[in-house]
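# Overview (structure and organization)
What follows is each chain in one-letter form.
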Amino acid sequence: MAFSTSCLFLSPISALKIDYAKKTIMRWKNDGREQRFSFSLQSNNTALLGQQIVTAGAHLHKDWSFVGGSRVTVTPKLEIASLHPKSPGVYASWLASSQIASTAFTLGTAAVLPFYSLMVLAPKAELTKASIESSIPYIVLGLLYAYLLYLSWTPETIRLIFASQYWLPELPGIAKMFSNEMTLASAWIHLLVVDLFAARQVYHDGLENQIETRHSISLCLFICPIGILTHVITKALTKSAGKSSTHKIH
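A brief report on the enclosed structure follows. For clarity, every value in this text was computed on a predicted model and none was experimentally measured. (Residues numbered from 1 in each chain as written. Predicted model: local features only at pLDDT ≥ 70, side-chain atom pairs only at ≥ 80, totals over all residues. Heavy atoms only, no water.)

Val112, Tyr116, Met119, Leu196 and Ile217 are the most contacted members of the largest nonpolar core, which totals 24 residues. Those elements that provide at least two residues to this core are helix 1 (88-121), helix 3 (136-152), helix 6 (181-209) and helix 7 (214-222). Considering every element that reaches this core, the biggest residue donor is helix 6, with 10 residues. Apart from the residues lying within four places of it in its own chain, the contact partners of tyrosine 116 are Asp195, Leu196, Ala199, Ile217, Cys220 and Leu221. (Core = buried A, V, L, I, M, F, W, Y, C linked by side-chain atoms within 4.5 Å. Buried < 20%, exposed > 50% of the residue type's maximum accessible area, 1.4 Å probe, protein only. Helix = DSSP H or I, 4+ residues; strand = E, 2+ residues; numbered from the N terminus. Contact = heavy atoms within 4.5 Å.)

So, in structure tokens, the structure goes:
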């Protein structure tokens, strides 16, 4: 905030009108006597290098003489209030945490897509069978999940998970816990691991029982419970159709 102090020189008999901070300051008429008065104006404040400079008010002094005429001086009263600026370390830590969560979310999602693609596009290929048998994706994603869980863990986590008097989770506590980006990213990695494992089970069951699984595996990527349900239905329908064909042959 730029603040300037100005002097106004007036004739012995005149009217004064000053606008300061969008406030109109009084008018007067000179009567030949020396006059001096003061009053406070509206306060203002600004910030400079992490400190707040507060205009606590201003004094208006008016002097008159036969030689110099009228002179009005506006003198601001300034106070400096020390603030607690945002710590660069805290801001950098928050920024780093947000970047870690975002990167883990993207990498985790990209890591599982090749396995789903192989199971859907080439379910009987040897490359697909070898890839699905590998434990590497579960180890890598498990370590990533553990790391994110470590970063997101706070002393309040246990209380939010077991918020009820019966040590059971409650929706408001879980919602508050997942408002943190790091916690949300760890939950996403958790879902990716569990969904991929379920899709692998569906894939193996399809190969073993000669059941179509591509639609169920695709659903496991986005809505895993529905994918498992469709696999169960598909398996039941396939067995029923097989039994009907056997009866017709005999």
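On we go.
Once that is clear, we can look at the packing of aromatic side chains. Counting across every chain of the model gives 3 aromatic pairs. Aromatic pair tyrosine 138 and phenylalanine 197: ring centres 6.1 Å apart, planes at 80°, arrangement edge-to-face. Highlighted residues: tyrosine 138 in helix 3 and phenylalanine 197 in helix 6, separated in sequence by 59 residues. (Phe/Tyr/Trp six-rings, centres within 6.5 Å; stacked < 30°, edge-to-face > 60°.)

Tracing the sequence through the fold places alanine 187 in helix 6. You can call alanine 187 buried: its relative accessible area is 18%. Through-space distance from the C-alpha of alanine 187 to that of leucine 149 is 8.6 Å; in sequence the pair is 38 residues apart.

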